[in-house]
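Summary of structural features
Below are the chains, spelled out letter by letter.
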2 protein chains.
Amino acid sequence: MLGLPHPHAGMNSAARAEALQYWLFYLPENPNMAVNSPIPVAAELKPVNGIEIGYAEAGIKKPNRKDVLVMKLAEGATVAGVFTLNRFCAAPVQISKDNLAAVKAGGKPIRALLVNTGNANAGTGEAGLANARATLDALAPQLGIDAQQILPFSTGVILEPLPVEKIKAGLPAAVANLKADNWFNAAEGIMTTDTQPKAGSRTVTIAGHTVTLTGISKGAGMIKPNMATMLGYLAFDAKVAQPVLEVLVKEAADQSFNCITIDGDTSTNDSFILVATGAGTLEVDSVDSAEYRELAAAVTELSVFLAQAIVRDGEGATKFITITVEEGESVEECRKIAYSIGHSPLVKTAFFASDPNLGRILAAIGYAGVELDVAKINMWLDDVWVAKDGGRNPDYREEDGQRIMKQSEITVRVKLARGAAAATVYTCDLSHDYVSINADYRS
Amino acid sequence: MLGLPHPHAGMNSAARAEALQYWLFYLPENPNMAVNSPIPVAAELKPVNGIEIGYAEAGIKKPNRKDVLVMKLAEGATVAGVFTLNRFCAAPVQISKDNLAAVKAGGKPIRALLVNTGNANAGTGEAGLANARATLDALAPQLGIDAQQILPFSTGVILEPLPVEKIKAGLPAAVANLKADNWFNAAEGIMTTDTQPKAGSRTVTIAGHTVTLTGISKGAGMIKPNMATMLGYLAFDAKVAQPVLEVLVKEAADQSFNCITIDGDTSTNDSFILVATGAGTLEVDSVDSAEYRELAAAVTELSVFLAQAIVRDGEGATKFITITVEEGESVEECRKIAYSIGHSPLVKTAFFASDPNLGRILAAIGYAGVELDVAKINMWLDDVWVAKDGGRNPDYREEDGQRIMKQSEITVRVKLARGAAAATVYTCDLSHDYVSINADYRS
């Protein structure tokens, strides 16, 4: 796994050089590489009109790392988000939800996001809320807005006090370098145990209007989002009414960040934020319009890309696994079974070992808590039919299973023969490096 | 971790020599050692009147291993069991349930158990049922009983056909060496990835009658029993009416095998069987008697010992963790939270690393799916008060957490301040060896 970066089809030599430099920079600290995940190239990340980004190295946990990020939104931008359902949700999550609710209640619009890494400000009680507010109070006058118009986000260690003074000290530098083409720096600025930044851009034409979308995400462990993921931000330059954006963020999250799992641990800080800067020419006022459908498709596609990038960079991941459960009575039961497979440590270690010990997958289906008639269940690994009518397919040959298990990308497909619902979950394998990374992460 | 066996208080020199020989025998194949788990000593395992045990080396998966076990029960014995709720429950589990049901419907009593390791006979469909029945048909005439009077059990790899001929070929040897003091051999005969046999004996006096109880268990991975565990057998020589024994087996399982987890994977073959041989002088006909309460206490205590032995020998385990959740509204919600902590790979790797990264425990409490007011939650590691009213206890010092985390036995205690219910779950850490064992298990 170590050594050269992934070969990168379609990359020009300058981009390749940049990617290589990137790898050389990160390799000493993070020897693990993501599974077939394209390394974002700064020059290919498109600025989105109406949003500027600045960053600082505030030394929150370690020196010489981008760890404070400010995203400034144009007047007229709308913002919607989905957040973790973890009851121990972090102080910044609570404040972000409050500030978004204030907008809906008629308050001033959101005009900035403030992100720090190195400390999650979770499990910090009342003091955590006060600390998060103190950072907003410090940033607001520098941007000429109210503190309530800023959404705060934190990611890092739980149960430790937020180093407020360090963050405050870093803010002027972040504000000073606000600019439109800082997306690559933003993607780097939100990394924790990630081995590479995650970012992507798309351009779509909808009803004759060009819309630019750019998004970033982070996360590699404590990943089993429940309504959202660790951190994901996606901005585009159409103008979208607030109620429409709120539908859109849920729709996109449900097909992307809500379909991934690395270790089944739902974070205290999951947040996925959609920003419609309104600086472009497209306007979307209704979810019943053709424009909405096209915009939703583009947002969802980019969200899936960003969510998959998190799994591909899963802590210690060497394989990217797609689990599709079909012919269920409901989407919910399909998801339950897909997550049961995706969370099983025995299934995940078998993938790591490239060992077609596929009875483990059946066991995970069996304990998913769905009242199945197992005699109707069929299961495939890519195109190899493994289990037929609840037992081993008589035509299944071990060498065929072995061939698929050796691949770095594998699809598990399960058919329940109960109905027409389906669901897909993306996950990775469980390797020695997962244990190493999480045994060492804090120390 | 490697090297000498655990020092064993109270062991005489002969017993110690036997234990050492045992370790030297097993070490080359299984370099992992169980956490503070007493090595059973053959001479200390008490025969139970009314039950004889025979074993054979049938070469089911590997040569020169005890892998077939026959337990013959006296006339008048009663038998009750609890079995996995995995929908892909193994063929032998289905047959055991059928045969127990036949007894309740007025059929002949159960007179023998047949166990094989090396193959789970799960995910094997109709052929699996036929194969299991073929082994019973072969054993029945050798014991002079009907096939329906035998309960079959299998443990090992899933999705592979049971090697019926090998098992049948091994049966005469197992029948030939049937004897009362074969419990240590029985404990060895049901091992798979276990690093040591698990067995224990107790003697209690109830209403002036001496009752001898001996039990064995196995399992080290795919352990999150749902009604029972991989395999557990406990026999005693009182006479217990069938309906009473059925209450007793559930009561004991709920406080022992249903309170453990290693990796959250519920096996296809979990079975816990209670045998009352009836060969002693105590008779228990009602659950409302003082005798029942005393017998239940003894059975439960030994069941907890056998269940904990499985966790202590958890694949790759280096720590034994007790998780107690108190002051809940219901036992169910306390168990939900305890399992959420016990299944979190991040919590388990922190234990492995002796890293007091205790925010991970709060995160796991938060995503357990219980509608908690986190501001009321308090958490301790042994006697160290870590989280107070939902945040970090101001008096908590990192070095105190560090001191506890370095221990090989740790108790996590959570208080919810919602009610009077409580639950305890036993688990282990997640180490490199768990990944190694499960990446290599089949090959």
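Residues numbered from 1 in each chain as written. Chains lettered and ligands numbered in written order. Predicted model: local features only at pLDDT ≥ 70, side-chain atom pairs only at ≥ 80, totals over all residues. Heavy atoms only, no water.

As a reminder, the rule being used: UniProt positions are given in the numbering used here, feature names are shortened, and annotations may be inferred rather than shown by experiment.
As annotated in an unreviewed UniProt entry, chain A carries the name Arginine biosynthesis bifunctional protein ArgJ and comes from Pseudoduganella lurida. Looking at the Subcellular location (unreviewed entry) heading of the UniProt record, one finds this comment for chain A: "Cytoplasm". Heading Subunit (unreviewed entry) of the UniProt record for chain A holds this comment: "Heterotetramer of two alpha and two beta chains."

Re the domain arrangement of chain A
Residue and element names in this part refer to chain A. This is how it is decided: Marked domain ranges trace back to an automatic or database domain assignment. Contacts: residue pairs with any heavy atoms within 4.5 Å of one another. What gets called buried area is simply the loss in accessible area from a 1.4 Å probe that two parts show on being joined, summed for both. Counted as salt bridges are all cases of a side-chain nitrogen of Lys or Arg within 4 Å of a carboxyl oxygen of Asp or Glu. Definition of a polar contact: a pair of N or O atoms within 3.5 Å, with one able to donate and the other able to accept a hydrogen when the atoms are protein atoms, and with sequence-neighbouring residues admitted only if both atoms are side-chain atoms. Per the convention used, a helix needs a DSSP run of H or I reaching at least four residues, while a strand needs a run of E reaching at least two, with both numbered from the N terminus. Think of it as three bins: nonpolar holds Ala, Val, Leu, Ile, Met, Phe, Trp, Tyr, Cys and Pro, charged holds Asp, Glu, Lys and Arg, and polar takes everything else, Gly as well.
When cut into domains, chain A gives domain 1 (36-312) and domain 2 (320-440). Spacing between the C-alpha centres of domain 1 and domain 2 amounts to 32 Å. Listed per partner, the contact involves 16 residues of domain 1 and 15 residues of domain 2. Here domain 1 and domain 2 share an interface that buries about 1300 Å² over both sides, 54% of which is from carbon and sulfur atoms. Three residues stand out in domain 1 for area buried against domain 2, namely C259, T261 and V311, and they jointly supply 33% of the buried area on that side. Our enumeration of links across domain 1 and domain 2 arrives at one salt bridge. A salt bridge links E409 to R312; the shortest N-O distance between them is 2.4 Å. The tally of links between domain 1 and domain 2 comes to five residue pairs in polar contact (both at pLDDT 80 or more). The dominant element in the side of domain 1 that touches domain 2, judged by the number of residues it contributes, is helix 7 (residues 290-312), at four residues. Classifying every residue of the side of domain 1 that touches domain 2 gives five nonpolar, six polar and five charged.

Notes on the pairing of strand 6 (residues 198-206) of chain B
Residues and elements named next belong to chain B. Going by this rule: DSSP-based pairing: two strands are paired if at least 2 bridges between them are found.
Note that strand 6 and strand 7 (residues 209-218) share nine bridges and pair antiparallel. Looking across to strand 7, one finds that T203 is bridged to T212. Between strand 6 and strand 7, which pair antiparallel in sequence order, lie two residues; one of them, A207, sits at a positive phi of approximately 50 degrees.

Structural notes on the packing of helix 8 (residues 331-343) of chain B against helix 10 (residues 359-366) of chain B
Residues and elements named next belong to chain B. To be explicit about the condition: Here an axis means a line fitted to C-alpha atoms, over the contact stretch when the element is a helix, while the angle between two N-to-C directions is reported on a 0 to 180 degree scale. We call two directions roughly parallel when the angle between them is under 35 degrees, roughly antiparallel when it is over 145, roughly perpendicular when it lies between 65 and 115, and oblique otherwise. Should the near helix be turned anticlockwise from the far one by less than a right angle, the crossing is termed left-handed; should it be turned clockwise, right-handed.
Where helix 8 contacts helix 10, the two axes come as close as 8 Å, and the packing angle between them is 135 degrees. For the element pair helix 8 / helix 10, the angle class is oblique. Pair helix 8 / helix 10 crosses with right-handed handedness. Contact residues: helix 8 offers I337, S340 and I341, while helix 10 offers I361, A364 and I365.

A few points about the sheet that holds strand 6 (residues 198-206) of chain A
Residue and element names in this part refer to chain A. Here we have five strands laid out as an open sheet, ordered 3-10-8-7-6, and mixed in their pairing. With one partner strand each, in any of the chains shown, strand 3 (78-83) and strand 6 form the two edges of the open sheet. Going from strand to strand, the sheet's axes swing by 15 degrees on average, the running direction of each strand aside. Against the sheet, helix 6 (residues 242-254) contacts strand 3, strand 8 (231-236) and strand 10 (271-276), and its axis sits at roughly 35 degrees relative to strand 3. This element, helix 7, spans strand 6, strand 7 (209-218), strand 8 and strand 10 of the sheet and lies at about 165 degrees to strand 6.

Things to note about the nonpolar core
Rule in force here: The criterion is simple. A nonpolar core is a set of buried Ala, Val, Leu, Ile, Met, Phe, Trp, Tyr and Cys residues joined through side-chain atoms within 4.5 Å. For every residue, the accessible area obtained with a 1.4 Å probe (protein chains only) is divided by the maximum for its type, and the residue is called buried under 20%, exposed over 50%, and partly exposed between those limits.
Ranked by internal contacts, the top residues of the largest apolar core, which has 201 residues, are A:Y233, A:F236, A:I365, B:Y233 and B:I365. With 41 residues, the next largest nonpolar core counts B:V240, B:L248, B:A307 and B:V311 among its residues.

Digging into the UniProt feature "binding site: substrate" (unreviewed entry) in chain A
According to UniProt, the feature "binding site: substrate" (unreviewed entry) maps to A:T192, A:K218, A:T229, A:E315, A:N438 and A:S443 in the numbering used here. By secondary structure assignment, the location of A:N438 is in helix 12 (residues 432-440). Leaving out residues up to four positions away in the same chain, A:N438 has contacts with A:E315, B:L346, B:T349 and B:R360.

Structural notes on the packing of aromatic side chains
Residues and elements named next belong to chain A. How we decide: Here is the rule: rings of Phe, Tyr and Trp (six-membered ring for Trp) pair when centre to centre is within 6.5 Å. Planes less than 30 degrees apart are stacked, more than 60 are edge-to-face, and the remainder are tilted. The rule is short: NZ of Lys or CZ of Arg within 6 Å of the ring centre and within 35 degrees of the ring normal puts a charge over the ring.
In the structure shown here, the tally under the stated rule is eight aromatic pairs over all chains. Plain terms: the ring middles of F153 and Y233 are 5.2 Å apart, the flat faces sit at 85 degrees to each other, and that makes the pair edge-to-face. A residue pair is termed long-range when its members are at least 10 positions apart, and F153 in strand 5 (residues 150-157) and Y233 in strand 8 qualify at 80 residues. Centre to centre, the rings of F320 and Y426 are 6.0 Å apart; their planes meet at 15 degrees, and the pair counts as stacked. Here F320, found in strand 12 (residues 320-328), pairs with Y426, found in strand 17 (residues 421-428); they are 106 residues apart in sequence, far enough to count as distant. Side by side, F320 and Y426 carry an identical accessibility label, which is buried. The cationic tip of R312 hangs over the ring face of F320; the distance from NZ or CZ to the ring centre is 3.9 Å. Its end group placed over the ring of W385, K388 keeps NZ or CZ at 5.0 Å from the ring centre.

So, the pattern of salt bridges
Per the stated rule, a full pass over the model turns up 34 salt bridges over all chains. For A:K168, the salt bridge is made with A:E165, and the minimal N-O distance between the two is 3.8 Å. One end of the pair is A:K168 and the other is A:E165, both in helix 4 (residues 164-176) and three residues apart, which spans about a single turn. A salt bridge links B:R202 to B:E301; the shortest N-O distance between them is 2.7 Å. Of this pair, B:R202 sits in strand 6 while B:E301 sits in helix 7 (residues 290-312), placing them 99 residues apart in sequence. By relative accessible area, B:R202 is classed as partly exposed at 22%. A cluster of three or more residues bridged by salt bridges with shared partners is formed by A:R397, A:E399, A:D400 and A:R403.

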